[in-house]
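# Descriptive structure summary
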Amino acid sequence: MDFHKPRYTPMSRRRRIYEGKAKVLYEGPEPGTLIQHFKDDATAFNAKKHEVIEGKGVLNNRISEYVFQHLNDIGVPTHFIKRLNMREQLIREVEIIPLEVVVRNVAAGSLAQRLGLEEGTQLPRSIIEFYYKNDQLGDPMVSEEHITAFGWATPQEIDDIMALGIRVNDFLSGVFLGVGIRLVDFKMECGRLWEGDLMRIVVADEISPDSCRLWDIKSNEKLDKDRFRRDLGGLLEAYTDVAKRLGIVGENEPPRGAGPVLVKG
Ligand code: TMP
Ligand code: ASP
């Protein structure tokens, strides 16, 4: 028996509901809640590439908290309740819709490749894409026809998901523009939240530099997981830069009480 460790809710005795590549979900303190734990694991290309980057989980927990709390505040429904500690947040249990919803403003990554566009080209308008969440298949791109035919979501739910995607994109684009960052694209996931007999679609999972492309407006420097995917190095420094620009206080830093730092010019 180790008397130095607290005897209540030891990590090992909490019921683990699900373990993904970068996060673990534990049973929450009340029915209908879960604890979302951010790990330091970085994966790419369907986990063919894997590294542990110490501190990444702490940064993503804080950045995702910032995004989800603000979404809640402006009336965009999410699963987020509150951050609990350096690596964990309390969330509402939702039924995850098995889609990765990608919203793009600028050509990059798989879109640039597929359509032969130069990375960095502004798109004529924001484009929403759906990928079927299935690691064995490598998350293939699917259309609304596939989604409704296979029953992953109804046409009404697809409408709700697209409306959420546009609201999240508008919010995120504005926040990042204000701190000198271009939101190139991002991925979000949605879930069904049941409140009695009523169900609504909410934003779930995380929104962090792991799931966004963020480029410095002036230098075009990448401040996201492409630093890992493309072996550019400096991932932790880039995520820290994003957190600092958003005015998020580091665990070991004295509180600055500042909001987002505006970039002039
Ligand atoms: P893509 O250009 O590789 O399709 O990626 C589009 C966006 O989605 C980009 O911001 C990175 C994010 N993304 C994920 O969050 N998870 C994934 O598994 C993939 C492939 C992309
Ligand atoms: N997260 C995905 C994986 O582990 C891919 C990616 O983000 O690029 O493969």
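Calculation rules
- Residue positions are given per chain, counted from 1 along the sequence in the order it is written.
- Chain labels run from A onward and ligand labels from 1 onward, assigned in the order the entries are written.
- Since the coordinates come from a predicted model, pLDDT governs what is reported: local features require at least 70, and pairs of side-chain atoms require 80 or more to be given and counted, while whole-chain, interface and lining totals use all residues.
- Calculation of side-chain values draws on the structure's entire complement of heavy atoms; hydrogens and water are dropped beforehand.
- Any residue with at least one heavy atom within 4 Å of a molecule or strand is counted as near it.
- Under the rule applied, a polar contact is a pair of N or O atoms within 3.5 Å (in protein, one hydrogen donor and one hydrogen acceptor; residues adjacent in sequence only if both atoms are side-chain atoms).
- Here the accessible surface of atoms and residues is derived via Shrake-Rupley with a 1.4 Å probe, and residues count as covered only by protein chains that are part of the display.
- The numbering of helices and of strands both runs from the N terminus, where a helix is a DSSP run of H or I of at least 4 residues and a strand a run of E of at least 2.
- We call Asp, Glu, Lys and Arg charged. Ala, Val, Leu, Ile, Met, Phe, Trp, Tyr, Cys and Pro are nonpolar, and the rest, Gly among them, are polar.
- An expected span of 1.5 Å times one less than the residue number is assigned to each helix.
- Think of it in three bands: residues with accessible area under 20% of the maximum for their type are buried, residues over 50% are exposed, and the middle band is partly exposed, with areas taken using a 1.4 Å probe on protein chains only.

Moving on to the site of ligand 1. If you check the shell around ligand 1, you find 15 residues, and the closest are Arg 104, Ser 110, Asp 185, Lys 187 and Arg 213. Within the side chain of Arg 104, an N or O atom sits 2.9 Å from an oxygen atom of ligand 1. In the model, an oxygen atom of ligand 1 is placed 2.9 Å from a nitrogen or oxygen of the Arg 213 side chain. With the chains in place, 77% of the 450 Å² that ligand 1 exposes on its own is no longer accessible. Counting only elements with at least two residues in the shell around ligand 1, the list comes to strand S9 (99-106), helix H2 (109-115), strand S12 (181-195) and strand S14 (212-216). For the shell around ligand 1, the per-class residue count stands at 5 nonpolar, 3 polar and 7 charged.

Before going further, it helps to examine helix H1 (residues 56-73). In an α-helix, one full turn covers 3.6 residues, which means residues spaced three or four apart are oriented alike. Over its 18 residues, H1 runs 26 Å from end to end, which matches the ideal 26 Å to within 8%, given 1.5 Å per residue. The buried fraction of H1 amounts to 13 of the 18 residues, a majority that puts the element mostly inside the structure. Where H1 terminates, the next one or two residues include Gly 75, which has phi positive at roughly 85°.

Close to ligand 2 lie Lys 21, Thr 43, Ala 44, Phe 45, Asn 46, Ala 47, Lys 225 and Arg 229, which account for all nearby residues. Separating an oxygen atom of ligand 2 from a side-chain N or O atom of Thr 43 is a distance of 2.2 Å. Bound to the protein, ligand 2 loses 74% of the 270 Å² it would expose on its own. Residues that form the shell around ligand 2 fall into these classes: 3 nonpolar, 2 polar and 3 charged.

Right, let's get into unusual backbone geometry. Phi at Asn 46 takes a positive value of approximately 55°, unusual for a residue other than glycine. Tracing the backbone through its elements, the reader meets Asn 46 in the loop between strand S4 (41-44) and strand S5 (49-52). Residue Asp 139 is not a glycine yet carries a positive backbone phi of 45°. For Asp 139, the location among the structural elements is in the loop between strand S10 (122-132) and strand S11 (141-142).

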